Amino acid sequence: MNIGAHVRGGGNLVGSLRAGEEIGVTSIQVFVQSPRAWKPTQYAPEVTAAFREAQREHPSITHTFVHATYLINLATGDPELYAKSVAALTHNLAVGRAMGASGVVLHLGSHRGAGFDEVVEPVAAALRRALDEAGDAPLGVSCPILIENAAGAGGTVGRSLEEIERVIDAAGAPEGLGVCLDTQHLWASGVDYATPDGAEAVVEEVARRVGAARLACLHLNDSKVELGANRDRHANLGEGTIGAALESLVGHPAIRDLPLLLEVPGAGGGPRASDVAAARELVERGIARYDQPHTTRRGATATKKRATKEAP
Ligand SMILES: [Zn+2]
Ligand SMILES: [Zn+2]
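How each quantity is defined
Residues numbered from 1 in each chain as written. Chains lettered and ligands numbered in written order. Predicted model: local features only at pLDDT ≥ 70, side-chain atom pairs only at ≥ 80, totals over all residues. Heavy atoms only, no water. Donors = N, O, S within 2.8 Å, 3.2 Å for Na, K, Ca; no water. Tetrahedral: all angles 85-135°; square planar, octahedral: opposite > 155°, others 65-115°. Helix = DSSP H or I, 4+ residues; strand = E, 2+ residues; numbered from the N terminus. Buried < 20%, exposed > 50% of the residue type's maximum accessible area, 1.4 Å probe, protein only. Pairing = 2+ DSSP bridges. Axes fitted to C-alpha atoms, helices over the stretch in contact; angles between N-to-C directions. Contact = heavy atoms within 4.5 Å. Parallel < 35°, antiparallel > 145°, perpendicular 65-115°, else oblique. Left-handed = near helix turned anticlockwise from the far one by under 90°. Nonpolar A, V, L, I, M, F, W, Y, C, P; charged D, E, K, R; others polar. Expected span 1.5 Å × (residues − 1). Arc of directions from axis to C-beta.

The coordination sphere of the zinc ion (ligand 1) contains the protein donors Glu-148 (OE), Asp-182 (OD), His-219 (ND1) and Glu-263 (OE), at a distance range of 2.1 to 2.2 Å. Here the zinc ion (ligand 1) is ringed by four donor atoms whose angles at the metal span 87 to 176°, and the overall shape comes out irregular. Between the zinc ion (ligand 1) and the zinc ion (ligand 2) the interatomic distance amounts to 4.0 Å. In this pair, Asp-182 is assigned in strand β6 (residues 177-182) and Glu-263 in the loop between β10 (259-262) and α9 (273-291), connecting sequence segments 81 residues apart. The class for Glu-263 is buried, based on a relative accessible area of 15%.

Reading around the circumference, β1-β2-β3-β4-β5-β6-β7-β10 is the order of the eight strands in this closed barrel, with parallel pairing throughout. With strand direction ignored, the average angle separating the axes of adjacent strands in the sheet is 30°. Bridge count for strand β2 (residues 27-30) against strand β3 (residues 63-67) is four bridges, and the pairing is parallel. Looking at β3, one finds that Ile-28 is bridged to Thr-64. Contacts between helix α3 (residues 79-99) and the sheet are confined to β2, β3, β4 (103-106) and β5 (145-148), with β3 contributing the most and set at about 165° to the helix.

For the rest of this paragraph, the subject is the coordination of the zinc ion (ligand 2). At the metal site, the zinc ion (ligand 2) is ligated by His-185 (NE2), Asp-232 (OD) and His-234 (NE2), and these contacts range over 2.0 to 2.2 Å. In primary sequence terms, the donor set of the zinc ion (ligand 2) follows H-x46-D-x1-H.

Before going further, it helps to examine the packing of helix α5 (residues 161-170) against helix α7 (residues 196-209). Interhelical geometry of α5 versus α7 gives an angle of 15° and a closest axis separation of 10 Å. Of the possible angle classes, the one that applies to α5 and α7 is roughly parallel. Crossing hand, α5 versus α7: right-handed. Between α5 and α7, the contacting residues are Leu-161, Glu-162 and Glu-165 on the first element and Val-202, Glu-205, Val-206 and Arg-209 on the second. The class makeup of the residues in the contact of α5 with α7 is three nonpolar, no polar and four charged.

Given a rise of 1.5 Å per residue, 19 residues ought to cover 27 Å, and the 27 Å separating the end C-alpha atoms of α9 matches this to within 8%. Along α9, the residues that are buried comprise Asp-275, Val-276, Ala-279, Leu-282, Val-283, Gly-286 and Tyr-290. Buried positions in α9, seen along its axis, are confined to an arc of 120° and lie on one side of it. Those residues of α9 that are buried are in contact with β1 (2-6), α1 (13-23), α7, β7 (215-220), α8 (246-251) and β10.

This is how it looks when you write it as structure tokens:
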């Protein structure tokens, strides 16, 4: 089990490790610039090197993820916004690589009615450019762009694993592209994983469409909106419409050991120690659904053969 959370570092990168330790997580997610502004924060090489050193000295935090700026829209038809988006993604990825991060989580953006088919190629081209131009990661570090599934509002791109598969394939399926699944967005886009069979279907679809190895982490959130409501509204664990239905997904053998990153509101200031504790209990209950010998679970879905794309 690896429970993580989005944390704020209070102005410097190293502070985010301490913020994570304070609430008891083993992975963190951070912004490396203001999430709602274009202005990039420049980090001197000493600052990112100090972060890598600090991460080594905080072995309880195993993974750091960067969440890219929200303003990025790789699916826009506006050439100026597209160029700014590619530049911002490249910058976020360069910082993530320099920090030795485990990935940069990205919302692909919205085509605003133009249609998914129209934007697949430009989105893929933008991803390729950022991967090419972000500069090298330190030796031994792989910092992919992690495409996050969308809740499905408006013209958001990446609302299904099928759309994510098509984007990755259009980009040439490079090693530098991975996936981050948000449990709230999945639920809001109509994916019901309340039973072990439902969770198995999600895991099977990930393996078949993008390859299991591309799934690097999950965002672990409950939902303020109903299944299929297509809106991005996170709730604290146990306080939303998903509730115990999350257990089957997070307890699944293919999911339970991935970094599960909380992006819950807490009391308004983001994930608290109590939210982290609730996440641990949720995953424990989920694991029990699979591993207790006397569950009422039907069949032997765990041993069913999965069609698997070649690992990246
Ligand atoms: Zn998320
Ligand atoms: Zn969200």
